[in-house]
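Report on the structure
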Amino acid sequence: HGTLSGHNSFVLSVSYSPDGMWLAASGGTQIRLWQPGDPRKTELLSGHSSPVRDLAFSPDGRLLASGSEDQTIRLWQTEDWSPTSFNLSHSAGVTCLAFSSDGRLIAAGGHDGKVRIWQL
């Protein structure tokens, strides 16, 4: 048990990678990642222009999705935390995300009351 810190604003979402090696947390426009076994190992992801509301790891652990008030979903490669070429647009601020069990689809809910689904 312990406390991981580093965000300069409130935390909106947390998600463990499927293998438990990473813990991701969104705070403001950034995503901070820690290795729970060694909290000194961290990564910081930036790219959204509005608060990140939700995070989801793909079932195989190769991708981290981040959904933001800026109406986008960004996909990050967990191998090196680089952004992928997939930037998905929603019609409103994104409030929640989920991958399908096979990792081929991603669904996102937004402030417009709609759930959108994309094939990856």
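These figures come from a predicted structure and were not determined experimentally.

Details of the overall build of the protein
Looking only at helices and strands, one finds zero helices and eleven strands in the protein. Taken over C-alpha atoms, the radius of gyration comes to 13 Å for the protein, in line with the 14 Å a tight globule of 120 residues would show. With respect to the three principal axes, the spread of C-alpha positions in the protein is 40 × 30 × 25 Å. Across the 120 residues that make up the protein, the buried fraction comes to 44%. Of all intrachain contacts in the protein linking residues separated by at least 6 positions in sequence, the fraction that spans at least 24 positions is 31%.

Let's talk about the packing of aromatic side chains
Counted under the stated rule, the structure contains one aromatic pair. Aromatic pair Trp-22 and Trp-81: ring centres 5.3 Å apart, planes at 80°, arrangement edge-to-face. Here Trp-81 lies in the loop between strand S7 (72–77) and strand S8 (82–89) and Trp-22 lies in the loop between strand S1 (11–16) and strand S2 (23–27), a separation of 59 residues in the sequence. The class for Trp-22 is buried, based on a relative accessible area of 14%.

Side note on the pattern of salt bridges
Side-chain pairs of opposite charge can arise whenever the charged atoms involved come near each other. A full pass over the atoms with the stated rule returns three salt bridges. A salt bridge links Arg-53 to Glu-69; the nearest nitrogen and oxygen atoms lie 2.6 Å apart. One end of the pair, Arg-53, is in strand S5 (residues 52–57); the other, Glu-69, is in the loop between strand S6 (63–68) and S7, and 16 residues separate them in sequence. Owing to a relative accessible area of 23%, Glu-69 belongs among the partly exposed residues under this scheme.

Some details on the sheet that holds S6
Strand order in the open sheet formed by four strands is S5-S6-S7-S8, and the pairing between neighbours is antiparallel. The open sheet terminates on both sides in strands that have one partner only, identified here as S5 and S8. Strand-to-strand twist of the sheet, defined as the mean angle between neighbouring strand axes without regard to direction, takes the value 20°. Across five bridges, the pairing between S6 and S7 is antiparallel.

So, the nonpolar core
Counting residues in hydrophobic clusters, the biggest one holds twelve residues: Ala-56, Leu-63, Ala-65, Ile-73, Leu-75, Leu-88, Val-94, Leu-97, Phe-99, Ile-106, Ala-108 and Trp-118. Every element with two or more residues in this core is listed here: S6, S7, strand S9 (94–99) and strand S10 (105–110). Looking at which element gives the most residues to this core, the answer is S9, with three residues. Apart from residues lying up to four places away in sequence, Leu-63 is in contact with Ala-56, Phe-57, Ser-58, Trp-76, Gln-77, Thr-78, Thr-84, Phe-99 and Leu-120.

Basis of the calculations
Residues numbered from 1 in each chain as written. Predicted model: local features only at pLDDT ≥ 70, side-chain atom pairs only at ≥ 80, totals over all residues. Heavy atoms only, no water. Helix = DSSP H or I, 4+ residues; strand = E, 2+ residues; numbered from the N terminus. Rg over C-alpha atoms; globule rule 2.2 N^0.38 Å. Buried < 20%, exposed > 50% of the residue type's maximum accessible area, 1.4 Å probe, protein only. Contact = heavy atoms within 4.5 Å. Phe/Tyr/Trp six-rings, centres within 6.5 Å; stacked < 30°, edge-to-face > 60°. Salt bridge = Lys/Arg side-chain N within 4 Å of Asp/Glu carboxyl O. Pairing = 2+ DSSP bridges. Axes fitted to C-alpha atoms, helices over the stretch in contact; angles between N-to-C directions. Core = buried A, V, L, I, M, F, W, Y, C linked by side-chain atoms within 4.5 Å.

The values are spatial; any link to function lies outside them.
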